[in-house]
Amino acid sequence: MSLSDHPKAYGTAAVAVAFAAGVLMTLGAKDLYPDLERRFQERKLRRRPRRGTDARRSSLFWGPVELEDHEAGGSGVPGPTQIPRDAGVSDGIEGCIGRTPLIKVRSLSEATGRTILAKAEFLNGAGNSPKDRVALNMIRVAEEEGFLKPGRGDTIYEGTVGSTGISIAALARARGYKAHICMPDDQSLEKSDLLHHLGATVERVPVQPITSPDHFVNLARRRAKEHTESRADASVGFFADQFESPANWAAHFQTTGPEIFAQTSGRIDAFVAGAGTGGTISGVAKYLKEEAKLASLRVVLADPQGSGLYNKVRHGVMYSSTEKEGTRRRQQVDTIVEGVGINRVTENFEAGRDLIDTAVRVTDEQACKMARWLAERDGIFCGSSTAVNCVAAVAAALSLPAGSQVVTVLCDSGTRHLSKFWKKIAEMGLEEDDGPKPDDLLTLLGIERPR
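Presented here is an overview of the structure given in this document. (Residues numbered from 1 in each chain as written. Predicted model: local features only at pLDDT ≥ 70, side-chain atom pairs only at ≥ 80, totals over all residues. Heavy atoms only, no water.)

1. Some details on the pattern of salt bridges
1) Next: Enumeration according to the criterion identifies 19 salt bridges in this entry.
2) Next: Ionic pairing is found between Glu376 and Arg372, a salt bridge with its closest N-O pair at 3.2 Å. Here Glu376 pairs with Arg372, and both are found in helix α12 (residues 364-378), just 4 residues apart, close to one helical turn.
3) Next: Among the residues examined, Glu376 registers a relative accessible area of 35% and is labelled partly exposed.
4) Next: The salt bridge partner of Arg377 is Asp439, with a shortest N-O separation of 3.6 Å. Within this pair, whereas Arg377 is found in helix α12, its partner Asp439 is found in the loop between α14 (421-427) and α15 (441-445), the two being separated by 62 residues in sequence.
5) Next: On the basis of relative accessible area, Arg377 is assigned to the partly exposed category, the value being 38%.
6) Next: For Asp439, a relative accessible area of 64% gives the class exposed.
7) Next: Each of the salt bridges in this network shares a partner with another, and the network as a whole consists of Glu203, Asp214, Arg222, Arg223 and Glu226. (Salt bridge = Lys/Arg side-chain N within 4 Å of Asp/Glu carboxyl O. Helix = DSSP H or I, 4+ residues; strand = E, 2+ residues; numbered from the N terminus. Buried < 20%, exposed > 50% of the residue type's maximum accessible area, 1.4 Å probe, protein only.)

In structure tokens form, the structure reads like this:
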């Protein structure tokens, strides 16, 4: 008796054979493509295709299968850049740099009727500031170009008011180098103390104009040259040159800008940042305006009192009222603020200067009041440059229609500013519970609400 005489039996056998064949094909496919999951994860890390490109996914007949994560949401990140993301364990402290949160600052958003977002750059894991990105990129570029070689005993020299030096000191040790930092002696003691604890050699020098050979930047350049020319051993001295090195703005073009674009899904009405070297504002502006093509984006410079960049952006002339004869108190910038504000145009600032739409000048008093406001209302304990950014972000937000979205930067923690900036805040009586402090932010800052 054959199966053909019994159709039901024949059908049952056919189903069993098909099921077995399916199992075998599944197992075979698994063996043929053991890295399918790995490729799926890698695909999540790579940028998605530009809008308008062919999004068809291939099959066995057209090449390797590409899987897309439809749960991630958000828009694609334009350009050849990508947001680094470690799948699992990161290799060293470098893995803690970048991919910082973008947070809504509730009190500022409520006070303005606009959404004010802030990039929490103080959460970078090496030096705890946006300078981690810059320091890492400058070191990597120097290694690629053969100026630095791990294990040779090389020393990285830099002139800095603190944050870049701290980032360099931490990363130098991690990558097999020494660090030698030159800084002006009017900066907070917390910074130089931290540099010492990180193993850096620190020279605190009197404040000098940039034209002086003893200006902290020029001194660092000279120390690097002296090291190399001494030929005491095979090691060399490398001058990082954060103010002029294109690796500075490029770090923000390659990482900070794409991160902001991805975190906002490209919906940004204004980006607000201060400028010391100018790398952050230039790199982010170049990415968002030139690469991401956000034509309506307004880029706003936050500039402290005593800096000449406000007038350079607004009027095309590098000038501050403190430059007048008989009014100058210091040789650098007349402000309590550290890290932003300068009276010359650096190569990094020049790289994005034409992309900056306007500038907001922030007084020391406004910066101090904003810092205390953020600590009390949002639990954000910030340094002086962050306070300047946030005052300017409020002013920029009020110049935009209600419901607009503004992004700024939280640079570093207030713990690096206790002996100077926060001491000034205490002297102003802003930490007293019974002190005269308006509940209205705009009244506190002396900013007029638009009609």
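That was the structure; now back to the text.
2. Section: the sheet that holds strand β5 (residues 201-205)
1) Next: Taking strand neighbours across the sheet as the criterion, the 4 strands line up as β5-β4-β3-β6 in an open arrangement whose pairing is parallel. The strands lining the two open edges of the sheet, one partner per strand, are β5 and β6 (237-239). When strand polarity is set aside, the average angle formed by the axes of neighbouring strands in this sheet is 20 degrees.
2) Next: Strands β3 (155-159) and β4 (178-184) of the sheet are contacted by helix α5 (residues 163-174), whose axis makes an angle of about 170 degrees with β4.
3) Next: Contacts between helix α6 (residues 189-197) and the sheet are confined to β4 and β5, with β5 contributing the most and set at about 155 degrees to the helix. (Pairing = 2+ DSSP bridges. Axes fitted to C-alpha atoms, helices over the stretch in contact; angles between N-to-C directions. Contact = heavy atoms within 4.5 Å.)

In short, shape yes, function no, at least from these values alone.
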